[in-house]
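# Descriptive analysis of the structure
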Amino acid sequence: FMLLNTVRRNIVWLLCSQSSKKLQEGALVSASSDDMLHLWNLRQKRPAILHSLKFNRERITFCHLPFQSKWLYVGTERGNTHIVNIESFVLSGYVIMWNKAIELSTKTHPGPVVHLSDSPRDEGKLLMGYENGTVVLWDLRSKRADLRVYYDEAIHSIGWHNEGKQFICSHSDGSLTFWNLKSPSRPFQIIVPHGKIQQDGKKIESCKPILKVEYKTCKNSEPFIIFSGGLSYDKPWRRPSLTIMHGKAITVLEMDHPIVDFLTLCETPYPNEIQEPYAVVILLEKDLIVVDLTQSHYPIFENPYPMDIHESPVTCTQYFADCPPDLIPVLYSVGAKHKKQGYSSKEWPVSGGAWNLGAQTYPEIIITGHADGSVKFWDASAITLQMLYKLKTSKVFEKQKLEGKPTAEMAEEDPFAIQLMYWCPESRIFCIAGASAYVIVYRFSKHEVNPEISVSLHCLEVQLQSEIEDNISPEAEMIPPFPNASSHLSSLKDLSGSTNTVASEGIVKDSIPCLSVKARPVRMPPGYQAELVIQLVWADGEAPQQITSLTANSAYGVVAFGNCSNLVVVDFIQKTVLLSMGSFELYGSSDLFQRQPRSPRRSKQFAADNFCMRGLSNFYPDLTKRIRTSYQSLTELSDGPISLELERCKSPTASDNRENSISHSRSSSVSSIDKETKETITALYFTESFARKNDTTASPCLWVGTGLGVVLTVSINLPSTDELRQAEPVTASPSGTFLSLKGAVLTFACLDCSGTLIHPPYEAWRDPNSMEESERTKKRKLVLHSSCSQDTGDHQFAIICSEKQAKVFSLPSQTCLYVHNVTDTSFLLRADVVTLCNSACLACFCASGRIIVHSLPSLRPLLDVNYLPVTDMRIARTFCFTNEGQALYLGSPTEIQRLNYSQEMFDNLQDMLGELFTPVETPEAQYRGFLKGLFGGTGGTLDREELFGEATAGKASRSLAQHIPGSGGVEGMKGAAGGVIGDLARARLALDERGQKLGELDEKTARMMTSAEAFSKHAHEVSVGSRQETEHV
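What counts, and where the lines are drawn
- Residues numbered from 1 in each chain as written.
- Predicted model: local features only at pLDDT ≥ 70, side-chain atom pairs only at ≥ 80, totals over all residues.
- Heavy atoms only, no water.
- Helix = DSSP H or I, 4+ residues; strand = E, 2+ residues; numbered from the N terminus.
- Buried < 20%, exposed > 50% of the residue type's maximum accessible area, 1.4 Å probe, protein only.
- Contact = heavy atoms within 4.5 Å.
- Pairing = 2+ DSSP bridges.
- Axes fitted to C-alpha atoms, helices over the stretch in contact; angles between N-to-C directions.
- Core = buried A, V, L, I, M, F, W, Y, C linked by side-chain atoms within 4.5 Å.
- Phe/Tyr/Trp six-rings, centres within 6.5 Å; stacked < 30°, edge-to-face > 60°.
- Lys NZ or Arg CZ within 6 Å of the ring centre and 35° of its normal.
- Arc of directions from axis to C-beta.
- Polar contact = N/O pair within 3.5 Å; in protein donor to acceptor, adjacent residues only side chain to side chain.
- Salt bridge = Lys/Arg side-chain N within 4 Å of Asp/Glu carboxyl O.
- pLDDT = per-residue confidence, 0-100.
- Disulfide = S-S within 2.5 Å.

The next subject is the overall build of the protein. Counting its secondary structure elements, the protein contains 17 helices and 55 strands. Residues counted as buried form 53% of the 1033 residues belonging to the protein. Taking all contacts inside the protein whose residues are at least 6 apart in sequence as the whole, residues at least 24 apart take part in 59%.

Below, the discussion takes up the sheet that holds strand β40 (residues 710–717). Read from one edge of the open sheet, 4 strands run β38-β39-β40-β41, paired in antiparallel fashion. Pairing within the sheet leaves two strands with one partner each, and these edge strands are β38 (681–689) and β41 (731–740). In this sheet, adjacent strand axes meet at a mean angle of 25° when their direction is disregarded. Across 7 bridges, the pairing between β40 and β41 is antiparallel. Pairing of S715 across the sheet is with S733, part of β41.

Among the nonpolar cores identified, the biggest contains 37 residues, and F377, F430 and Y528 are the most heavily contacted of them. With 5 residues, helix α2 (residues 327–336) is the single largest residue contributor to this core. The contacts of Y528, once residues within four sequence positions are left out, are L331, F377, Y389, L391, W423, R428, F430, Y442, R443 and F444. If you look at the next biggest cluster of nonpolar residues, it comprises 23 residues, including I429, L532, V568 and I573.

A regular strand carries its side chains on alternate faces of the sheet. With 6 of 6 residues buried, strand β9 (residues 113–118) lies mostly within the body of the structure. Relative to strand β10 (residues 125–130), β9 runs antiparallel, the two sharing 5 bridges. The residue of β10 that forms the bridge with H115 is G129. Here β9 hands over to β10 after 6 residues, the two strands then running antiparallel side by side.

Residue position: V114 is located in strand β9. Measuring from C-alpha to C-alpha, the distance between V114 and G129 comes to 5.6 Å, with 15 residues separating the pair along the chain. Sequence-distant contacts of V114, defined by excluding residues within four places in its chain, comprise F62, G129, Y130, E131, I155 and H156.

Let us now look at the packing of aromatic side chains. The tally for this structure, following the rule as stated, stands at 30 aromatic pairs. Between Y73 and F948 the ring centres are 6.2 Å apart and the planes differ by 90°, which places this aromatic pair in the edge-to-face class. A residue pair is termed long-range when its members are at least 10 positions apart, and Y73 in strand β6 (residues 71–76) and F948 in helix α14 (residues 944–948) qualify at 875 residues. In terms of burial, Y73 and F948 fall into one category: buried. When the ring of F178 is compared with that of Y215, the centres are 6.1 Å apart and the planes differ by 80°; the resulting orientation is edge-to-face. With F178 in strand β15 (residues 176–180) and Y215 in strand β17 (residues 210–216), this residue pair connects regions lying 37 residues apart in the sequence. As far as the burial class goes, F178 and Y215 line up, both buried. Looking at K212, its charged tip hangs above the ring of F262, at a distance of 5.0 Å from the centre. A cation sits over an aromatic face here: R428 above W765, 4.0 Å from the ring centre.

This part covers α2. Among the residues making up α2, those that are buried are L327, I328, V330, L331, V334 and G335. All buried residues of α2 project into a common sector of 165° when viewed along the axis, lining one side.

Moving on, we come to the side chain of S549. Within the element layout of this structure, S549 appears in strand β34 (residues 549–553). You can call S549 buried: its relative accessible area is 4%. Separated by 3.2 Å, the side chain of S549 and the backbone oxygen of I681 make a polar contact. Non-local contacts of S549, meaning those with residues more than four positions away in its chain, are made with L420, A560, F561, G562, I681, T682, A683 and L684.

Further remarks concern the side chain of S445. Note on placement: S445 falls in strand β30 (residues 438–445). Using a relative accessible area of 0% as the deciding quantity, one classes S445 as buried. Within the structure, the side chain of S445 is placed 3.2 Å from the side chain of N769, a separation counted as a polar contact. Ignoring sequence-local partners within four residues, the contact set of S445 consists of P526, G527, Q529, D767, P768 and N769.

A few words on the pattern of salt bridges. Applying the stated criterion to the full structure yields 29 salt bridges. Here E254 and R239 are joined by a salt bridge, their closest N and O atoms 3.6 Å apart. With E254 in strand β20 (residues 249–254) and R239 in the loop between β18 (224–229) and β19 (241–246), this pair connects stretches of sequence that are 15 residues apart. By relative accessible area, E254 is classed as partly exposed at 37%. One salt bridge in this structure joins R520 and E398, with 3.3 Å as the shortest N-O distance. Within this pair, whereas R520 is found in the loop between β32 (490–494) and β33 (527–536), its partner E398 is found in the loop between β27 (386–392) and α3 (406–411), the two being separated by 122 residues in sequence. A single salt-bridge network, built from bridges that share partners, covers D122, K125, R141, R144 and D146.

Further remarks concern the confidence of the model for the protein. Averaged over every residue, the pLDDT of the protein is 78; residues scoring 70 or more account for 75%. pLDDT under 50 marks residues 1–23. Its contacts with residues more than four places away, or in other chains, come to 83 contacts. Confidence drops under pLDDT 50 across residues 467–506; counting only partners more than four residues distant or on other chains, this segment forms 86 contacts.

What follows is about the sheet that holds strand β52 (residues 880–882). Hydrogen bonds between backbone groups are what pair the strands of a sheet, and the pairing can be parallel or antiparallel. With antiparallel pairing, 3 strands are arranged side by side in an open sheet as β52-β53-β54. With one partner strand each, in any of the chains shown, β52 and β54 (895–900) form the two edges of the open sheet. Each adjacent strand pair in this sheet contributes to an overall mean axis angle of 30°, direction not counted.

Further remarks concern unusual backbone geometry. With an omega of 10°, the peptide bond between L811 and P812 qualifies as cis. The topology assignment puts P812 in the loop between β46 (805–811) and β47 (815–821). Of the consecutive residues L856 and P857, the connecting peptide bond is found in the cis state with omega at 5°. For Y298, which is not glycine, the phi torsion reads 50° and is therefore positive. Turning to its location among the elements, Y298 is positioned in the loop between β23 (287–292) and β24 (314–321).

So, on to the state of the cysteines. Taken as a whole, this structure holds 0 disulfides when the rule is applied. Left unpaired, C846 is separated from the closest cysteine sulfur, that of C844, by 8.8 Å.

A few words now on helix α12 (residues 903–912). Buried within α12 are the following residues: M905, Q910 and M912. An end-on view of α12 places all buried positions within 160° of arc, on one side of the element. Opposite the packed face of α12, turned more than 90 degrees from it, sit the exposed residues Q903 and E904.

Turning next to the environment of S170. Position of S170 relative to the elements: it lies in strand β14 (residues 166–171). It is 7.8 Å that separates the C-alpha atoms of S170 and P209, two residues lying 39 residues apart in sequence. Apart from residues lying up to four places away in sequence, S170 is in contact with A154, I155, H156, S157, S175, L176, I210, L211, K212 and V213. Polar contacts involving the side chain of S170 include one to the side chain of S157, which spans 2.8 Å.

Rendered as structure tokens:
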């Protein structure tokens, strides 16, 4: 997808080319800041450049393409006007030099050309506006100026009245001047729409420049004057605005982003007819909106295309292909209830092009987490992208009060930023981890929680132990291997009263969460409703560390998360903490690295407060503070203990971007590991598996991966029946099993004995707020993976991938069957086990830009291609794979880039692409009547071919502009599609072009026949006259 990239002013005009044969040509002309004109072919699904023209000696400042013309007027910074044939993209010899245009009207250079337009009355008259305030009406036939006007304020734009007798100019002082061609000596009206009369009562104050103005007439009402800018200087806080003047009414529409350009949509394309405007299309730097002019309050149209993915910066993404088919309609119906009101009742007026869904039928959903705490669900089926539902996670918290406390430093201006997400499409359980060290568990309901029942949010506060090196002196002898979980502060609160225990001034902060959950009952509309809020609290004056991994399981009713040094497992059904341990405690007495207790280090507070607790500005240069953390700067980090410790505190996918020092990464040598006493939890995975070697049956367990490449298992013991699940406790304890790999662990998966991917068990969704009693009270329905038959044996394959290598273990024997070193010179940023063509495979994305795919369980390489080197942390944080050979990442702050590595999808891609160009009949021009045509003063039609062609105007100087052939047409289609579909598309385009050439040939033949007949007739007359003269003699 390309979702409206941030528009800059380097592309200044887009001009549609139309032929004189009632059908548009399907071409586009663009002018860019490097003084290049490009002609684009839109008749194919992938637009391609047909021709380019590079101006060498002059800079382009304005372009104008008259309606139904193939000659483009180009104004330059030197004040000259050139003419380009857009069919051949050749410069005409006809040039309007600035000195001939102004002659002696001014003594100085008039400045760049800022406006060009032909007169509605006579297309042989060209109106040229210059920056210094000079306006010239140029007669193209006689090559001289008909009139010149001058105003002492700089001109920014000009708009014609449809009768061609008047025009309006916008100026740098915020004024509008109205001119009449019959009396060009001075404007007949001057207004400053947003200016105030000064104290002397005579002069009106100056305002900001009016950058563009349009003058549109109506049949039954006053004309519309629409302009951008022009606001008063005394209100600098005012946002960018568009002003609509209709009669005496002045309406100011404020925009969220700066205005790049706007265009008024009218009922007729002919400039000499009454325009009847009905909408205004406004292009903003980060959005596109359309205003309805037919209603008095000027509402905007509801945009059917997603332009607001960057409404708040995207911090994380998830991509799901082949989802349950009922999800998209349900999410859309719930999201429709939350949509903004006040949109125009009319349909979106821009109707060009057409979508093609192709042969793909499975639904796809993209989830984006944002810096303001919002989560958006998008329908990404085929190549469309529509927002389905928006969840605001910040609503569970009280509004943030800016206090000079270190907790504010943790997330800076984005305390609610989404760090991690987990979603189970089947059970519709959704979990998020925020930047302020909290986790929220959501359940989905199509109904609002009964408003008559007071509903308070459940909050669970968890205090993690301090790090081992800070709590234990060198004289300490031993640490209990598994401390009692009750020793940690973990309290469930029904927040009807005080939410936090605030430490008094002068006392070290302890047991205080970073954010305050709302104490009052909250309204829960249809959609995702908060089930439980889990917050990490301050401990011994230190802020909690950010969460680095998150997972949940609806069948078990358990959520697990970890950070730089701890693992927490919570029962979200009974709202209790099952396990809260330091990562080193999970080993018990079998610690692989035999870490020794040490005295505290001075750098501890720096590491926790100044790095780990910072917000997403470390990863995203587009947030408020604009802290740029580029890939290049990350490679310059030192390899000392502090540097390694700081890496632990970052997210698992973004913490090791140091290609130059990859040989010293966190698990490349035992010596570096020995220096570390804490271990980041980088991956978590719930499944039915064998936790120990001597297990005979699979049981619920949690696989835990760490930053040191170690995999541990935690056994989950559940009550035997669903009735006992609500009352009897659930226990979680380390099993003592551990496996090891090189590099931080990224992902897990399990295959059954036949090589089929084992999906974790889940609870079938049921609506907790259903109106039907039977729906609310029915038993939980658990869906388990059907294991292979007894004949083939009862064992599993465990797939584990780290940032360096992938391993396949046989369970329960824990024998390593296959091992593959994925990379030695770089590291993996993302790895996912996905299904492709009904088979499981391991897809990896490397920091060097390679996409690598391996078969499972054999780990045979299937694909290894160089795709995109990671030069931005945004790519590392948002890259993700999904089923059916697809992946995506955030290519820029405003663009989601979707890619595909499936041959089946590639073969069908051409059919899935939309049609940009759809032929539309040009409406017939209004009949002006005999008297109007006779006395209307029109100059008739202009034969531009005769006037600007090479035969009359000659050739332009070769040094002025250079013609560059493009790759469009049939040649440009060669790499656009594969297979039979691509061949058909190329053949169809070739036939279209051949038909067009044949049509042109028919026209030339007809003209030649007409000329031949005329010549024959004339020759016959001459012959008869000669005979008569001979006979007379």
